[in-house]
Amino acid sequence: MKIAILTDSNCGINKEEANKLGIYVLPMPFYIGDEVYYEDIDLTQEEFYIKLDTEDKITTSMPVVGDVIDKWDELLEDYDEVVYIPMSSSLSGSCQTAQMLAQDDEYEDKVFVVDNQRISVTMKESVMDALYLANKGYSGSEIRNILEDHKRDSSIYISIPTLEYLSKGGRLTKAVAALGNILKIKPVLQIQGGKLDTFARARTIEQCKQTMITAIKDDIKNRFDDDPSIVEIAIAHTNNEEAALKFKEEVLEIWPDREIVVDPLSLSVACHIGPGSLAITVGRRIGSFKQYK
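Anyway, here's the lowdown on the structure attached to this text. It should be emphasised that the depicted structure is a prediction, and the values quoted were computed from it without experimental measurement.

## A look at helix 9 (residues 205–222)
Compared with an ideal rise of 1.5 Å per residue, which puts 18 residues at 26 Å, helix 9 spans 26 Å between its outermost C-alpha atoms and is within 8% of the ideal. Every buried residue of helix 9 is accounted for by C208, K209, M212, I213, A215, I216, D219 and I220. One face of helix 9 carries all of its buried residues, which in axial projection span an arc of 155°. Exposed side of helix 9, more than 90 degrees from the buried face: K221 and N222 are the residues found there.

Pasting the structure below:
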C-alpha cells in the first residue's frame, strides 16, 4: 500500500526538505495589510521578519478548502491513502474542517486527518514519525491512531525577549506589556496539547535558558520514564540562529552524544512572539516503543 504523508507549513518543513523526505506540504496563507502571502512560496523567513517590523498587523489564516481538496485528489492519483497532519485543532479550525471533508464518500477510508495537537518543531516530529510508520508498513488509519494516542508526548518551551508582539496580537494589553518591559520580565511559554500558556517568568535570557533546561529534565524524569534515550530534543528560534547554536552547545554539555537539530519556529508561532526567541522541545520517539520497531 502506498501512503502519502501530507502536512502544512506550520510544521516548519520547507519545500527542499519535503522533496528530500518524499512528503508534501501545503503552504499557509498570511495576510499582511490587504495582501495575501504563502509561506515558503512568496514569503520567506527573512521577508516575514522585515514585514513584522514594518507592518501594523500580520494575521494567519487556514489553507483554502479548495487547495486542500485539490491536493488530496492529486495525491490519490498516485497513492492508495493520504495521512494529513495539519496544525493543532486547539490553534486553528483547519483540522476540524479537514476532518469534516474527509468524511465525504470520496475520501472515506482514503484520507486520514491527524489531530495530535502539535505545531512547529513537534509537528515536524509527528511528520517524521508518520513517515517512519508508513515505511514500516502501517496503514493510514493505524498511523493516525498511533499519532493521536501519543499527542501529549511532547512539549515546547519558548523564551521571548519582549512582550511587544504578544501585545500586538491581543494576548496582552499595551499597558501590561509596557510595564513588563520596564520590569524586564521575560516570560517562558509552553506549548503542550496545542495550547500556548505562560510557564514561568525570568529577568534575563540566561535565567530563561536554565528554566527551560530544568523543565526538560523534569519532563524526562516524570513523563518519559527517566530515560533520555527514548526522547528527541531539539532547539528552535525566531530569527535568532546564532544564539540558538550557542544554546545547543550548552544543552549538549548536559546530554552529550545526541543529535540535536536547530530549526526556526514556524511563522505562525513567530507572528505572535516576534524575533529573538529561543526554544527547546522534548518528545518521545515513536521508534522507542517495541510494538513500533
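## Considerations on the pattern of salt bridges
Applying the stated criterion across every chain yields a total of 10 salt bridges. With a shortest N-O distance of 3.2 Å, E17 and K124 are connected by a salt bridge. Of this pair, E17 sits in helix 1 (residues 15–21) while K124 sits in helix 5 (residues 120–135); the two residues are 107 residues apart in sequence, bridging distant segments of the chain. Its relative accessible area of 25% is what places E17 among the partly exposed residues. K124 gets classed as buried once you look at its relative accessible area, which sits at 13%. Put simply, D225 and R284 hold a salt bridge, and the shortest N to O gap is 3.4 Å. Residue D225 is located in the loop between helix 9 and strand 11 (231–237), and its partner R284 is located in strand 13 (residues 278–284); the two are separated by 59 residues in the primary sequence. Classification of D225 by relative accessible area gives exposed; the value is 59%. By relative accessible area, R284 is classed as buried at 16%. Shared partners join several salt bridges into a network, and the residues in it are E17, K124 and D263.

## Here's the deal with the packing of helix 5 against helix 6 (residues 140–149)
Following both chains from N to C, one finds helix 5 and helix 6 inclined at 140°, their axes separated by 10 Å at the closest point. Judged by the angle between their axes, helix 5 and helix 6 are oblique. In the packing of helix 5 onto helix 6, the handedness of the crossing is right-handed. Contact residues: S126, D129, A130, L133 and A134 in helix 5; I143, I146 and L147 in helix 6. Split by residue class, the contact of helix 5 with helix 6 holds 6 nonpolar, 1 polar and 1 charged.

Conventions we followed
- Residues numbered from 1 in each chain as written.
- Predicted model: local features only at pLDDT ≥ 70, side-chain atom pairs only at ≥ 80, totals over all residues.
- Heavy atoms only, no water.
- Helix = DSSP H or I, 4+ residues; strand = E, 2+ residues; numbered from the N terminus.
- Expected span 1.5 Å × (residues − 1).
- Buried < 20%, exposed > 50% of the residue type's maximum accessible area, 1.4 Å probe, protein only.
- Arc of directions from axis to C-beta.
- Salt bridge = Lys/Arg side-chain N within 4 Å of Asp/Glu carboxyl O.
- Axes fitted to C-alpha atoms, helices over the stretch in contact; angles between N-to-C directions.
- Parallel < 35°, antiparallel > 145°, perpendicular 65-115°, else oblique.
- Left-handed = near helix turned anticlockwise from the far one by under 90°.
- Contact = heavy atoms within 4.5 Å.
- Nonpolar A, V, L, I, M, F, W, Y, C, P; charged D, E, K, R; others polar.

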